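Overview (structure and organization)
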There are 2 protein chains.
Amino acid sequence: MEAWKKRAHLYIKRFLGSLCQEIWKAGRDDPRKAIHSIKVGLSLTLVSLLYLLEPLFKGVGGNAVWAVMTVVVVLEFTAGATLCKGLNRGLGTLLAGSLAFLFQFIARESGKVLYAIFIGASVFFIGAISTYLRFIPNVKKNYDYGVVIFLLTFNLITISSYRVENVLKMASERLYTMAIGCGICILMSLFIFPIWSGQDLHNFSASKLEGLAKSIQACVDEYFSDREQGVGKNESMEDPIYENYKAVLDSKSIDETLALHASWEPRHTWHCNPFPLQQYVKLGAVLRHFGYTVVALHGCLQTEIQTPKSVRLLFKDPCSRLATEVSKALLELANSIRNHRQCSPEILSDHLHQALQDLDTALKSQPRLFLGSIPANMMAATKPEKHNLSSVKTEASALMSGWRSNRVSIEAERRSLRPTLSKMAITSLEFSEALPLAAFASLLVEVVAKLDLVIIEVEELGRVACFKEFEVGDDHHEMVNVVQDTSKMHISGLPSNYTAE
Amino acid sequence: MEAWKKRAHLYIKRFLGSLCQEIWKAGRDDPRKAIHSIKVGLSLTLVSLLYLLEPLFKGVGGNAVWAVMTVVVVLEFTAGATLCKGLNRGLGTLLAGSLAFLFQFIARESGKVLYAIFIGASVFFIGAISTYLRFIPNVKKNYDYGVVIFLLTFNLITISSYRVENVLKMASERLYTMAIGCGICILMSLFIFPIWSGQDLHNFSASKLEGLAKSIQACVDEYFSDREQGVGKNESMEDPIYENYKAVLDSKSIDETLALHASWEPRHTWHCNPFPLQQYVKLGAVLRHFGYTVVALHGCLQTEIQTPKSVRLLFKDPCSRLATEVSKALLELANSIRNHRQCSPEILSDHLHQALQDLDTALKSQPRLFLGSIPANMMAATKPEKHNLSSVKTEASALMSGWRSNRVSIEAERRSLRPTLSKMAITSLEFSEALPLAAFASLLVEVVAKLDLVIIEVEELGRVACFKEFEVGDDHHEMVNVVQDTSKMHISGLPSNYTAE
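Per an unreviewed UniProt entry, chain A carries the name Aluminum-activated malate transporter 12 and comes from Mikania micrantha. Per its UniProt entry, chain A bears the Subcellular location (unreviewed entry) comment "Membrane".

Dropping the structure here:
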């Protein structure tokens, strides 16, 4: 018995511990959640005063419950969502009230039975029609809640009108208390620690850019790292690279919800044009497509066939530099969004194009990669040329030593001088092994091409959102942050073999 | 005046026309929407009978409005969603009622003022705590609506208890009518033309597989087609390839919502294990990752640098065959899901591995692709070897003629016998131009690797969902459908140059 008690005690303790941890985690991630909770509690207390205080109760009466109901249902996390729901509720109620009175006005004079049939029919048709309307994408997006409230109110008034004499008085009283509830909600969400959807959308865009920057850098670092790959393959879903770009991939619904709610917010229309929501959504779409390329790049790390380390290392410097430049560009874009200033396109393109050029040069200077299969006499023929090309000599020789072990067996076979298909397959082994590297490089170039689209969208965003002009010096201070932010980043210098060019 | 009238008439006509079109489109896409609308209308009429019919009204009284409210709010499109909301509503109401009575029992004896303060405080704390609970992911996912109803009911009862004497009676009456409303909703959603989330999830999985199959086939077809590319570049967002895989990319929230609602549905627990929702969600995740690779493949069609047509054509046959095999495999998987039968893994692997082998062979048989930069004397050296390899002769010669025009200028420069870096860059032009093709081929291989993961998940699905065993003959009938379904598909025969092997 004692032991059982102890175990129960332990279980309860553990359960409470994990519960507390989860509760604490939700609040730590975003303290605004706690603030919002307190705001809801406060609003409910305020609205219950309508019932508790004698003078107020005399004015409002039992209909105060509708105010409470309104506060519970309408007060949402962000100001935009609250306004959207509040205005939808108001609009739906008003429309439903008008329609219900119109119907009542038409049918009131008929007999009791006929009136009941009329009510039944109108409830059926209005119910079916408004439910069907909710499936139309445009209505669903903006007015879904409004239609529900319309249907609810219409039914309540129409049905009540059958028994209650003065429905007009009842309905207007309800509308009145509902308006009080809506008023409290709007007051709370707009003026007391307001939480703006537009701001969330803005920050989310910046953080997506940062996540992409980190994952590209990490991808390239891991591809050229000395560690054995494929170790963390099973838990690839939880690896840091995936974590960084995950938010981008599934951002569509979040983006659209935030933009929808932000469209109801008045704030951002003050200091400039209307808040450019659609531009944020467009940027989100471009970032998602950028993200898909990063996924493919990440996929290169996990394929079965891998280019040998020695060959990969030849391209390490240009690839790393390109990745660093892309990351830097993305972080600069993120910074420009965060600080509401326009980005500096010159900085972006100059370094980036240089890095791209370097990768291109590196790729072009390695045609020998695929010449390993040439018979020895041809090898000899290439040698005089190689001596003259001192700048690529180091790689070429590294490549030679790297492939020496392979070549011994190949050349042994070749000396038999009977070219067969099987030999053919062996001699060209290099190409199929270089394939993944080619894909990696190609995707990296693709990333740069997509980066261009991202830059265009961010520039457009800066223009339509009236971000402040870029000033020289802005970037210097922020670049320090950039370097600090990305502790993983390894900004490699110009590779030695390119200095001669 | 007459003209103005005419124009107004025209505008109204046009507006009504487009409205009707949109309404019609929503219904044509999914007739279940119309059925659901009628169901809602019917339920509302049924529930309003509580108020309209004298004997029923005597039993229920004015509280019938709560039944109407319940029907409006709870009756959702799918059975799962309705059950989820209905049970949440019931649970929330019961819990709130119990808690409210407990509080009332504690505080009732204190004075009027103290009691008011106690109510205010409890409303504040319960409001803040339950709002905060809604932010916890697990609660938000399953019980969000329940918490809202809990909060609503708790507040209504607690506040009412201050003025109304017999709250217990009022509350139990409301609960009673609410139960009637819930009952009608559940009856309607479970027994009259039920719409199952689980079925939707099942069909959605199959249609995602079909979409991917179509887009892979279309991608490869377009890559090797003779039409000029880049024509439809601007409207790439609307091109058919994108349309086919679009649904897969943004499927996360749909999958999760359907799975969540399906988890409340009783139906699928009858004939086997519980309906394997998590397996569908897992399959969805794998399909999304498969989709990202397809995006990258699609990206190869849109890059600036393109491998020349002549070179690409060399790989047309193996790539097309591989794509056809992948599409066939995906369609077979889709069919197996649609028909609730296990897929035939032998058929998949045999053909697929053959196609993969062919692509591999094709790639290996083309090391010459990158030998364009070898001086003429080396070219001569390779000739004896080529003569013996009759099977690859056709391509090699095609390649030669394709590159002849380029080579003229290159060799002219080479004859100067002064190897410089700039020449180096020109002679190896072929590699950087072959890069996109290499990426394309590599991604195609990657697609096959990901296909393996998809097959594993579908097989696992077939196992846990107790799909019927695969029987010989099943595939034959369905394969006919497959071919009919994919009118675009071009199932190429074995390319002539491989028959010799």
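That was the structure; now back to the text.
**Here's the deal with the overall build of chain A**
From N to C terminus, chain A includes 20 helices and zero strands. In chain A, buried positions account for 54% of the 501 residues. Of the contacts formed within chain A by residues at least 6 apart in sequence, a portion of 83% connects residues at least 24 apart. If you sum the accessible surface of chain A, you get close to 23300 Å²; carbon and sulfur atoms cover 63% of it.

**Concerning the packing of helix α4 (residues 64-74) of chain B against helix α5 (residues 79-107) of chain B**
Residue and element names in this part refer to chain B. Relative to each other, α4 and α5 sit at 140°, their axes nearing to 9 Å. Here α5 runs oblique to α4, going by the angle between their axes. Facing α4, whose interface residues are T70, V73 and V74, α5 presents T82, K85, G86 and R89. Its residues assigned to classes, the contact of α4 with α5 comprises two nonpolar, three polar and two charged.

**Some points on the pattern of salt bridges**
Taken as a whole and assessed by the stated rule, the structure comprises 30 salt bridges over all chains. Close ionic contact of B:D250 with A:K252 constitutes a salt bridge, the shortest N to O distance being 4.0 Å. Remark: A:K252 occurs in helix α11 (residues 252-262) and B:D250 occurs in the loop between α10 (240-249) and α11 (252-262); the pair is interchain, linking two chains. Among the residues examined, A:K252 registers a relative accessible area of 29% and is labelled partly exposed. A salt bridge links B:K246 to B:E243, with the shortest nitrogen-to-oxygen separation between them at 3.5 Å.

**Considering the packing of aromatic side chains**
Residues and elements named next belong to chain A. Counted by the stated rule, this structure contains 23 aromatic pairs over all chains. Here the aromatic rings of Y115 and Y162 are separated by 6.0 Å at their centres, their planes lie at 25°, and the arrangement is stacked. Placement of Y115 in helix α6 (residues 112-133) and of Y162 in the loop between α7 (137-160) and α8 (167-191) is noted, with a sequence separation of 47 residues between them. On the basis of relative accessible area, Y162 is assigned to the buried category, the value being 8%.

**So, the environment of A:A100**
All names here are of chain A. Along the chain, the position of A100 falls in helix α5 (residues 79-107). When the C-alpha positions of A100 and T158 are compared, they lie 5.7 Å apart, and in sequence the two are 58 residues distant. Residue contacts for A100: discarding those within four places in its chain leaves F154, I157 and T158.

**Some thoughts on the side chain of B:T293**
All names here are of chain B. Tracing the backbone shows T293 in helix α12 (residues 277-300). Among the polar contacts listed, one links the side chain of T293 to the side chain of K450, at a separation of 2.8 Å. In this structure T293 touches L443, E446, V447 and K450, once residues within four positions along its chain are discounted.

**Regarding the packing of helix α2 (residues 32-52) of chain A against helix α7 (residues 137-160) of chain B**
Remark: α2(A) packs on α7(B), axes separated minimally by 10 Å, with the N-to-C direction vectors making an angle of 35°. Helix-helix and strand crossings are classified by hand; for α2(A) and α7(B) the assignment is right-handed. Within the contact between the two elements, α2(A) uses A:L44, A:S48 and A:Y51 and α7(B) uses B:L151, B:N155, B:I159 and B:S160. For the contact of α2(A) with α7(B), the per-class residue count stands at four nonpolar, three polar and no charged.

**Considerations on the UniProt feature "transmembrane region" (unreviewed entry) in chain A**
All names here are of chain A. Residues given the UniProt feature "transmembrane region" (unreviewed entry) here are residues 34-53, 65-84, 113-133, 145-164 and 176-196. As annotated, residues 65-84 has a helix share of 80% and a strand share of 0%, and its two end C-alpha atoms lie 22 Å apart. In residues 145-164, helix accounts for 80% and strand for 0%; the two terminal C-alpha atoms are 27 Å from one another.

**Description of unusual backbone geometry**
One non-glycine residue with positive phi stands out, namely A:H340, at about 50°. In this fold, A:H340 is placed in the loop between α14 (316-338) and α15 (345-364). For A:H340, a relative accessible area of 35% gives the class partly exposed. Of note in the backbone geometry, B:F193 takes a positive phi value of approximately 40° without being a glycine. Among the secondary structure elements, B:F193 is positioned in the loop between α8 (167-191) and α9 (197-223).

**Describing a nonpolar patch on the surface**
A grouping of A:I35, A:L187, A:F191, A:I192 and A:F193 is seen on the molecular surface, where their side chains present a nonpolar patch of about 520 Å² in accessible area. Relative to the elements of secondary structure, A:L187 occurs in helix α8.

**Some words on the nonpolar core**
Judged by nonpolar contacts, the single largest core of 138 residues is most densely connected at A:F290, A:L330, B:F290 and B:L330. With near-sequence residues (within four places) excluded, A:L330 lies in contact with A:L209, A:L212, A:A213, A:I216, A:F290 and A:L451. Core analysis: the next-biggest nonpolar cluster, separate from the first, contains 92 residues, A:A96, A:Y145, A:Y162 and B:V123 among them.

**Let's talk about the confidence of the model for chain A**
Residue and element names in this part refer to chain A. Residues of chain A with pLDDT of at least 70 account for 74%, and the chain-wide mean is 73. With pLDDT under 50 throughout, residues 368-430 is counted as low confidence; its partners more than four residues away or in other chains account for 87 contacts. Here the prediction assigns the complex a pTM of 0.76, and the interface score ipTM is 0.75.

**Quick look at the environment of B:V281**
All names here are of chain B. Structurally, V281 is set in helix α12. Residue class for V281 comes out buried when judged on its relative accessible area of 17%. Distance from V281 to V448, taken between C-alpha atoms, is 21 Å for residues 167 residues apart in sequence. Among residues more than four places away in sequence, those in contact with V281 are D255 and A259.

**Description of the state of the cysteines**
Here the structure, examined in full by the defined rule, presents zero disulfides over all chains. Left unpaired, B:C185 is separated from the closest cysteine sulfur, that of B:C182, by 6.2 Å.

**Side note on the environment of A:S189**
Residue and element names in this part refer to chain A. Counting through the fold element by element, S189 comes out in helix α8. Residues S189 and Y145, 44 residues apart in the sequence, show an inter-C-alpha distance of 18 Å. Those residues in contact with S189 that lie beyond four places of it in its chain are K39, L75, A79, T82, P194 and I195. A polar atom in the side chain of S189 sits 3.3 Å from the backbone oxygen of I186.

Reading guide: rules and limits
Residues numbered from 1 in each chain as written. Chains lettered and ligands numbered in written order. Predicted model: local features only at pLDDT ≥ 70, side-chain atom pairs only at ≥ 80, totals over all residues. Heavy atoms only, no water. UniProt positions renumbered as here; feature names shortened; annotations may be inferred. Helix = DSSP H or I, 4+ residues; strand = E, 2+ residues; numbered from the N terminus. Buried < 20%, exposed > 50% of the residue type's maximum accessible area, 1.4 Å probe, protein only. Contact = heavy atoms within 4.5 Å. Areas by Shrake-Rupley, 256 points an atom, 1.4 Å probe, with all protein chains shown as cover. Axes fitted to C-alpha atoms, helices over the stretch in contact; angles between N-to-C directions. Parallel < 35°, antiparallel > 145°, perpendicular 65-115°, else oblique. Nonpolar A, V, L, I, M, F, W, Y, C, P; charged D, E, K, R; others polar. Salt bridge = Lys/Arg side-chain N within 4 Å of Asp/Glu carboxyl O. Phe/Tyr/Trp six-rings, centres within 6.5 Å; stacked < 30°, edge-to-face > 60°. Polar contact = N/O pair within 3.5 Å; in protein donor to acceptor, adjacent residues only side chain to side chain. Left-handed = near helix turned anticlockwise from the far one by under 90°. Patch = residues over 30% accessible without salt bridge, like charges linked within 9 Å, V, L, I, M, F, W, Y side chains within 5 Å. Core = buried A, V, L, I, M, F, W, Y, C linked by side-chain atoms within 4.5 Å. pLDDT = per-residue confidence, 0-100. Disulfide = S-S within 2.5 Å.

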